[in-house]
Amino acid sequence: MAKVLMKGNEAIGEAAIRAGCLNYFAYPITPQSEVAEYLSKRLPEVGGVFLQGESEVAVGYMLFGASGAGERVMTTSSSPGISLMSEAISYIAGAECPAVFVNIMRGGPGLGGILPSQGDYFQATKGGGHGDYHLLVLAPDGVQEAVEMTMQAFGLAEKYRNPVMVMGDGMIGQMMEPVEFPDDLKTEPTNKDDWASNGMSTRKSKKKNLVKSLFLDPAELNQHNLNLKAKYEQMKKEDVQYELYNADGDYQILIASYGTMSRVCRTAIDMLKAEGIEAAMFRPKTLFPFPEKQVHDAALKETCKCVISIEMSMGQMVEDVQRCVMGKKPVEFYGECGGEIPSPEKIMEIVKELIG
Amino acid sequence: MLPDISGIIIIAGNYGSGKSETAVNLAAVSRKSGKSVKITDLDLVNPYFRSREAKKPLEDLGVEVVLPGRKYMHADLPILTPAVADMIKNPADVTILDAGGDAAGVTVLAALEDVLEKSHVKLLQVINPLRPNTCDVQGCLKIKAQIEATAKLPVTGLISNANLLDETTPQIIYDGYNLVTRVSEATGLNIEFITASTRLLPQLATERIFCPILPIDRFLALPWTRN
């Protein structure tokens with residue numbers, strides 16, 4: 001298919017359909033409402049279901065119900081809405097159901113503002129809801145990658161029977177870029193007869209499946225958590241995604257950034273290069289599992305004086321970068337989170353100051 | 001040939017057709033040709049990339065930019081400042097109203113019905129065939145009907161804004177011109193102008209295009225793009 005010009009939010013909606021998702025439940029919130037608007041028109045055309053919940057709390061449980069019944073399902077929201085869904089996310093992870101959540105982040109805390117932010121890194125990678133669970137978190141840096149990651153998310157969610165989050169921000173949701181929808185990213189739905197409440201007549205089985213997150217027996221609950229932990233370890237082994245940019249040469253500084261912020265850093269790195277200054281970028285595409293070894297190894301490059309994490313937050317991913325670099329190189333931080341995105345010139349200035 | 005349009009001009013079109021970039025560039029070109037220009041951002045639908053973001057460069061050119069108060073600039077609230085009605089009653093040589101996308105985006109025009117019906121306004125439909133809903137004549141006509149029903153005004157002219165941002169080629173511009181030509185034949189509406197980025201202008205075979213061309217300099221570019 002030829003390229004078309006799409007807004008990130010529309011493209012995410014179309015990508016879900018191309019990935020075989022026919023169930024979408026959501027509640028409007030700026031800056032992601034166009035996903036709901038787009039899918040409210042498109043899903044009926046392809047025999048799918050769009051349902052606006054009465055709140056994000058309800059939407060979260062609609063996803064639990066649909067995924068528990070073995071259906072591909074997605075919701076999209078923005079930061080405050082994801083907070084409201086976090087209880088259901090914990091239940092879905094606990095009950096080992098596949099579901100896709102998209103967070104088009106806006107400024108916070110609380111109502112914050114409607115402009116882009118990366119303030120939900122901790123929420124996405126370290127919890128949000130209660131209990132020992134992790135989401136697999138994908139972080140696109142533009143509209144094309146948002147399409148690809150949304151399409152991949154359904155397969156990954158089923159591979160691990162775990163909720164997957166695609167974490168963009170208001171800029172990714174609102175900006176327009178040329179996109180295409182690669183057919184090869186569509187995965188066939190897995191057979192869910194072993195665990196889903198998908199109807200005994202359809203699966204012609206006598207086995208009764210119960211989708212639940214309640215385990216009252218202590219030994220059983222401990223074992224359940226050990227099983228979940230094993231899945232997270234498997235994610236770390238098999239599904240880490242990252243990019244290194246301008247990292248082949250003798251760089252003096254390693255910039256860690258993701259999503260929209262990495263676009264600015266990429267421009268800054270190109271402009272620095274034109275001035276004869278070599279900076280490299282480490283960009284995690286999965287925020288969980290975090291590319292631990294890759295950032296460690298990139299930081300240890302002999303010519304690299306220091307690492308800086310640059311974020312549209314007050315310092316969240318930097319904690320993972322520090323953890324992985326293990327004190328072997330200095331790890332600095334720069335962030336802004338009012339909604340204005342730091343300029344490439346600002347990043348250049350910071351880099352020059354650090355490398356002297 | 002540059003567009004030479006005067007009067008009250010409403011820029012409408014489907015969502016993401018490039019109305020704001022077109023409106024802002026039309027304002028700049030008109031001002032540079034010596035006309036007095038006023039522009040307002042009536043986009044009550046889109047939260048980002050609205051023509052209001054070009055306020056400073058337009059004001060530097062001498063264009064009067066009519067907007068809600070500064071503290072509401074980043075609110076997703078449907079604020080229609082009374083200054084807009086005043087601007088229609090006291091127009092400049094060129095007075096541009098940049099509406100929001102789709103039918104929802106022109107709903108605001110119904111609120112201005114009283115002042116608009118006393119003025120002779122041009123309602124121009126911007127078409128980018130590389131957007132999903134306007135890739136053919138039928139799609140463009142459907143959007144036209146929706147805009148007219150909601151705005152309670154007839155579309156009076158067409159604009160082709162065929163582009164794939166930085167990946168635009170001359171062929172994309174020719175294809176867009178062909179599509180609006182067919183929409184023009186189907187509706188009897190005039191093609192007011194087509195757009196082309198200043199980067200592509202030297203590559204265009206302008207003898208193939210029988211209408212004015214508005215050169216586009218991106219005022220609403222992504223914050224990390226640099227030349």
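Not measured: the values here are computed from a predicted model.

Caption draft 1: Focus on the overall build of chain A. Across its full length, chain A holds 13 helices and 14 strands. Against the compact-globule benchmark of 21 Å for 356 residues, chain A has a radius of gyration of 21 Å, which places it among compact chains. A principal-axis box enclosing the C-alpha atoms of chain A has dimensions of 70 × 50 × 40 Å. When the 356 residues of chain A are sorted by exposure, 60% land in the buried category. Contacts in chain A between residues far apart in sequence, at least 24 positions, make up 80% of those at least 6 positions apart. By element, 53% of the accessible surface of chain A is carried by carbon and sulfur atoms, the whole surface being about 13,800 Å². Each charge sign in chain A was given a centre, from 35 positive and 47 negative side chains, and these centres are 6 Å apart.

Caption draft 2: The arrangement of the pairing of strand β2 (residues 37-42) of chain B in detail. Residue and element names in this part refer to chain B. Of all 6 residues in β2, 6 are buried, a share of seventy percent or more. Bridge analysis of β2 against strand β4 (residues 94-99) gives 6 bridges, and the strand direction is parallel. What sits directly across from D41, in β4, is D98. Where β2 lies against strand β3 (residues 64-66), 3 bridges are found, and the strand directions are parallel. Note on β3: the bridge partner recorded for T40 is V66.

Caption draft 3: Spatial organisation of the nonpolar core. Residues and elements named next belong to chain A. Core analysis: the largest hydrophobic core is formed by 117 residues, its most contacted members being M74, L254, V321 and I347. No other element matches the 10 residues that helix α6 (residues 143-160) contributes to this core. For this core, the two domains that each supply at least three residues are domain 1 (4-238) and domain 2 (243-355). Those residues in contact with I347 that sit more than four places away from it in its chain are I255, M261, V264, C265, A268, I310 and P342.

Cut-offs applied
Residues numbered from 1 in each chain as written. Chains lettered and ligands numbered in written order. Predicted model: local features only at pLDDT ≥ 70, side-chain atom pairs only at ≥ 80, totals over all residues. Heavy atoms only, no water. Helix = DSSP H or I, 4+ residues; strand = E, 2+ residues; numbered from the N terminus. Rg over C-alpha atoms; globule rule 2.2 N^0.38 Å. Buried < 20%, exposed > 50% of the residue type's maximum accessible area, 1.4 Å probe, protein only. Contact = heavy atoms within 4.5 Å. Areas by Shrake-Rupley, 256 points an atom, 1.4 Å probe, with all protein chains shown as cover. Lys, Arg positive; Asp, Glu negative; His and termini not counted. Charge placed at Lys NZ, Arg CZ, Asp CG, Glu CD. Pairing = 2+ DSSP bridges. Core = buried A, V, L, I, M, F, W, Y, C linked by side-chain atoms within 4.5 Å. Domains from an automatic or database assignment.

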